[in-house]
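Remarks on the overall topology
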Amino acid sequence: AKQCYGCQELTDVLRQIKSGTFSDKYGGAPQSTTYSPHNSCAAQMIGHQATNLLSSLDLYSIANDVSFPREKEIVEEAVWNLREEITWIGLLDQMENSLAGFKEVFPWLADNLNGIAMSLEQEFVKRGDQIGEDVNFALPDDYIDKTSCIFEQQSADHFTCGSREVDEDALKLIRQLNMRDLAVYKAAVERLELQKEVIREYRQALRLD
C-alpha cells in the first residue's frame, strides 16, 4: 500500500522490517526489535496469519518481534487453535473444494447467500446507487476516509513508483519473515484433506455417492 511504504522498493521495505528499523505514521518506530500491533504496515508482513490464530496475550504481544524469540511456541499455538478451535476451514488456492465443503457442512448458510446478495444489490439499485465499479457505494453519505487508502482503489494502474515485480531477494526475505505462516499453511492443507475425507464418508453413509 502506497501510504504504508511510499515509493520504496519492496526489497528495501522488507529489509527494514527484518532489521527492526521500519516505521510508519500509524504505529511509529518499533521498540527494540518488536513492532507494535498498531504498526500494521510492518505487522502484516510478519507471519500475520499465524498471529491472527493466537489466543495467548503473552505470545501475541511478542509476535511482531523480528528476533523471533518464541517462534516454536507461536507456531504450536496457532496450529493447535487451527485444529481444535475452528470448526471448518477453507483455502484460497483450493477455492472450489473449500466452498463445496462449506455448502455441505453449513447448508443453511449456503442456500441463502446468492439470494441475500441479489436482494442487497436490488436495494442499492433502488436507492440509485451505482455499485458496478463504485467502491464507495456502501459508505455513509458524505463520508471521507482520512486514514487509509482502502476505498480509493480503482481499476487503473497505480504502479507509478516502487516495485512492479518480486525478485529473489524479496522472496527470500518474505520466507524468513513468514516461516510460521508456512507451517500454519501446511497444517491447513492437512486439515482440508481430513475435511474432504469426512465429507466422502458422510456421503457414503447416506449413499449419496
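Residues numbered from 1 in each chain as written. Predicted model: local features only at pLDDT ≥ 70, side-chain atom pairs only at ≥ 80, totals over all residues. Heavy atoms only, no water.

With that out of the way, let us pick up the overall build of the protein. Tallying secondary structure elements over the protein gives 10 helices and 0 strands in all. Ordering the α and β elements of the protein from the N terminus gives α-α-α-α-α-α-α-α-α-α. Within the protein, the proportion of its 209 residues that are buried is 29%. Long-range pairs, those at least 24 residues apart, make up 59% of the contacts in the protein with a sequence separation of at least 6. Carbon and sulfur atoms make up 54% of the accessible area of the protein, which amounts to about 14200 Å² in all. (Helix = DSSP H or I, 4+ residues; strand = E, 2+ residues; numbered from the N terminus. Buried < 20%, exposed > 50% of the residue type's maximum accessible area, 1.4 Å probe, protein only. Contact = heavy atoms within 4.5 Å. Areas by Shrake-Rupley, 256 points an atom, 1.4 Å probe, with all protein chains shown as cover.)

Glancing now at the pattern of salt bridges. All chains considered together, the criterion is met by 10 salt bridges. Here R15 makes a salt bridge to D169, at a shortest N to O gap of 3.7 Å. Of the two residues, R15 sits in helix α2 (residues 10–19) while D169 sits in helix α9 (residues 168–177), which places them 154 residues apart along the sequence. For D169, a relative accessible area of 43% gives the class partly exposed. (Salt bridge = Lys/Arg side-chain N within 4 Å of Asp/Glu carboxyl O.)

With that settled, consider the packing of aromatic side chains. Following the criterion strictly, the structure yields 1 aromatic pair and no others. Ring centres 6.1 Å apart and planes at 25 degrees place the aromatic pair F102 and F106 in the stacked group. What makes F102 partly exposed here is its relative accessible area of 30%. (Phe/Tyr/Trp six-rings, centres within 6.5 Å; stacked < 30°, edge-to-face > 60°.)

With 27 residues, helix α10 (residues 179–205) extends 40 Å between its outermost C-alpha atoms, agreeing within 8% with the 39 Å of an ideal straight helix rising 1.5 Å per residue. Taken as a whole, α10 has its buried residues at R180, D181, V184, A187, A188, R191, L192, Q195 and I199. Looking at the packing, one finds that the buried side of α10 touches α4 (48–52), α6 (71–84) and α7 (95–105). Phi turns positive, to about 60 degrees, at R207, one or two residues after α10. (Expected span 1.5 Å × (residues − 1).)

With 16 residues, the main nonpolar core has L54, A78, L82 and V184 as its most contacted residues. Of all the elements in the fold, those that place two or more residues in this core are α6 and α10. Ranked by residues supplied to this core, first place goes to α6 with 5 residues. Contacts of V184, omitting those with residues within four sequence positions, involve A50, L53, A78, V79 and L82. Formed by 15 residues, the second largest nonpolar core is a distinct cluster that contains C4, Y5, C41 and M45. (Core = buried A, V, L, I, M, F, W, Y, C linked by side-chain atoms within 4.5 Å.)

Mapping L91 onto the fold places it in the loop between α6 and α7. Judged by relative accessible area, L91 falls into the buried class, the value being 10%. L91 sits 97 residues away from A188 along the chain, and the two C-alpha atoms are 7.7 Å apart. When neighbours within four sequence positions are excluded, L91 is seen to be in contact with S98, Y185, A188, V189 and L192.

Topologically, C41 is positioned in helix α3 (residues 40–43). When its relative accessible area of 0% is taken as the criterion, C41 is described as buried. As a C-alpha pair, C41 and S23 span 18 residues in sequence and 8.5 Å in three-dimensional space.

Phi is positive for F68, close to 50 degrees, though the residue is something other than glycine. Note that F68 resides in the loop between α5 (57–61) and α6.

Right, let's talk about the packing of α7 against α10 for a bit. Packing of α7 against α10 leaves a shortest axis separation of 11 Å and a crossing angle of 50 degrees. Considering the angle they form, α7 stands oblique to α10. Seen from above, α7 lies across α10 with left-handed handedness. Where α7 approaches α10, its residues N97, S98, G101 and E104 are matched on the opposing element by L192, K196, I199, Y202 and R203. Looking at the contact of α7 with α10 residue by residue, the classes come out as 3 nonpolar, 3 polar and 3 charged. (Axes fitted to C-alpha atoms, helices over the stretch in contact; angles between N-to-C directions. Parallel < 35°, antiparallel > 145°, perpendicular 65-115°, else oblique. Left-handed = near helix turned anticlockwise from the far one by under 90°. Nonpolar A, V, L, I, M, F, W, Y, C, P; charged D, E, K, R; others polar.)

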